[in-house]
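# Secondary and tertiary structure notes
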Amino acid sequence: MGQLKSKVKPFEISKWEIKEAWEEVKANKGAPGVDQQSIEDFEKDLSGNLYKVWNRMSSGSYFPPPVRAVEIPKTHGTGMRMLGIPAVSDRVAQTVVARYLVRRVDPVFHPDSYGYRPGRSALDAVEKCRERCWKRAWVVEFDIARFFDSVPWDLLVKAVEAHTDAVWVKLYVRRWLAAPLVMPDGSLRHRERGTPQGNAA
């Protein structure tokens, strides 16, 4: 990957971070985004594709493509939920930012927080519940209806700003929030709040 950091780019983003983000994206597999480029297609010109992501992110010129929206049946209950599938290159860029934020945010999370955290899973949460069932005779369960569809962007950006002053992180978080959805019928939907489930950012 050549030199690790650029001396002429406005944002200091390591090429190794891009490469490690790619390894995570590849391991997670996933479907193609709006550009129909699969993981395998991206890998055919891996060096060139990773360089493009790094070059654009470190120069401030990275703009995410629209997110492909796919309707899938809800696992519990009736109805459908919308899943957002970013392009492979966009997943790499999102993973760079996610990894940066995780290093800063994960240490302040509550020990009993399991969602979207590295090295933790739903099964870990279930195991903790099983332990507690032997100690307590009550359970509290709640769910925020349509949470991902209604997240106010200003509050989300404020939460990011509370943990970093890195201009590039805040810049790309804002751009990802505003990326439109390509609906299953091919129409483009612009949003003013919420974030599609399935995004890394």
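In what follows, the structure referred to is the one given above.
Residues numbered from 1 in each chain as written. Predicted model: local features only at pLDDT ≥ 70, side-chain atom pairs only at ≥ 80, totals over all residues. Heavy atoms only, no water.

Scanning all chains against the criterion turns up zero disulfides. Take Cys129: it sits in no disulfide, and the sulfur closest to it among the cysteines is that of Cys133, at 6.5 Å. A relative accessible area of 48% means that Cys129 is categorised as partly exposed. (Disulfide = S-S within 2.5 Å. Buried < 20%, exposed > 50% of the residue type's maximum accessible area, 1.4 Å probe, protein only.)

This part is about the packing of helix H1 (residues 15-28) against helix H3 (residues 46-59). For any two helices packed against each other, the geometry is given by the interaxial angle and the distance between the axes. Put simply, H1 and H3 touch, their axes get as near as 10 Å, and they point 125° apart. Considering the angle they form, H1 stands oblique to H3. Judged by the sense of rotation from one axis to the other, the crossing of H1 with H3 is right-handed. Side by side, H1 and H3 meet where Lys15, Ile18, Lys19 and Trp22 of the first sit next to Leu46, Leu50, Tyr51, Val53, Trp54 and Met57 of the second. Counted by class, the contact of H1 with H3 contains eight nonpolar, no polar and two charged residues. (Axes fitted to C-alpha atoms, helices over the stretch in contact; angles between N-to-C directions. Helix = DSSP H or I, 4+ residues; strand = E, 2+ residues; numbered from the N terminus. Parallel < 35°, antiparallel > 145°, perpendicular 65-115°, else oblique. Left-handed = near helix turned anticlockwise from the far one by under 90°. Contact = heavy atoms within 4.5 Å. Nonpolar A, V, L, I, M, F, W, Y, C, P; charged D, E, K, R; others polar.)

Ranked by internal contacts, the top residues of the largest apolar core, which has 30 residues, are Ile13, Ile18, Met57, Val92, Val97, Trp168 and Val169. Residue assignment for this core shows that the elements contributing at least two residues are H1, helix H2 (39-44), H3, helix H4 (88-105), helix H7 (153-161) and helix H8 (167-178). Ranked by residue count, the leading element in this core is H4, at seven residues. Dropping the residues within four chain positions of it, Val97 is found in contact with Met57, Trp168, Val169, Val173 and Trp176. By size, the runner-up hydrophobic cluster in this structure holds five residues, among which are Val67, Ala69, Ala179 and Met183. (Core = buried A, V, L, I, M, F, W, Y, C linked by side-chain atoms within 4.5 Å.)

The next subject is the pattern of salt bridges. Evaluated as defined, the whole model comprises twelve salt bridges. Residues Glu24 and Arg99 are paired through a salt bridge, measuring 2.7 Å at the closest nitrogen-oxygen approach. Of this pair, Glu24 sits in helix H1 while Arg99 sits in helix H4, and the two are 75 residues apart along the sequence. In this structure, Asp106 engages Arg117 in a salt bridge whose closest nitrogen and oxygen atoms are separated by 2.7 Å. Placement of Asp106 in the loop between H4 and helix H5 (122-133) and of Arg117 in the loop between H4 and H5 is noted, with a sequence separation of eleven residues between them. Asp106 gets classed as partly exposed once you look at its relative accessible area, which sits at 23%. Judged by relative accessible area, Arg117 falls into the buried class, the value being 8%. Taken together, the salt bridges that share partners define one network made up of Glu17, Glu20, Glu24, Arg99 and Arg103. (Salt bridge = Lys/Arg side-chain N within 4 Å of Asp/Glu carboxyl O.)

To continue, consider the layout of surface pockets. The calculated volume of the second largest pocket comes to roughly 980 Å³. What lines the second largest pocket is a set of 25 residues, and nearest its centre among them are Arg146, Phe147, Phe148, Asp149 and Gln197. If you list the elements that add at least two residues to the lining of the second largest pocket, you get strand E2 (80-85) and helix H6 (147-150). For the lining of the second largest pocket, the per-class residue count stands at ten nonpolar, five polar and ten charged. (1 Å grid on protein atoms, 1.4 Å probe; cavity = no way out; pocket = protein on both sides within 12 Å on 5 of 7 lines; lining within 4 Å. Points joined across faces, edges and corners; volume = space filled by probe spheres on them.)

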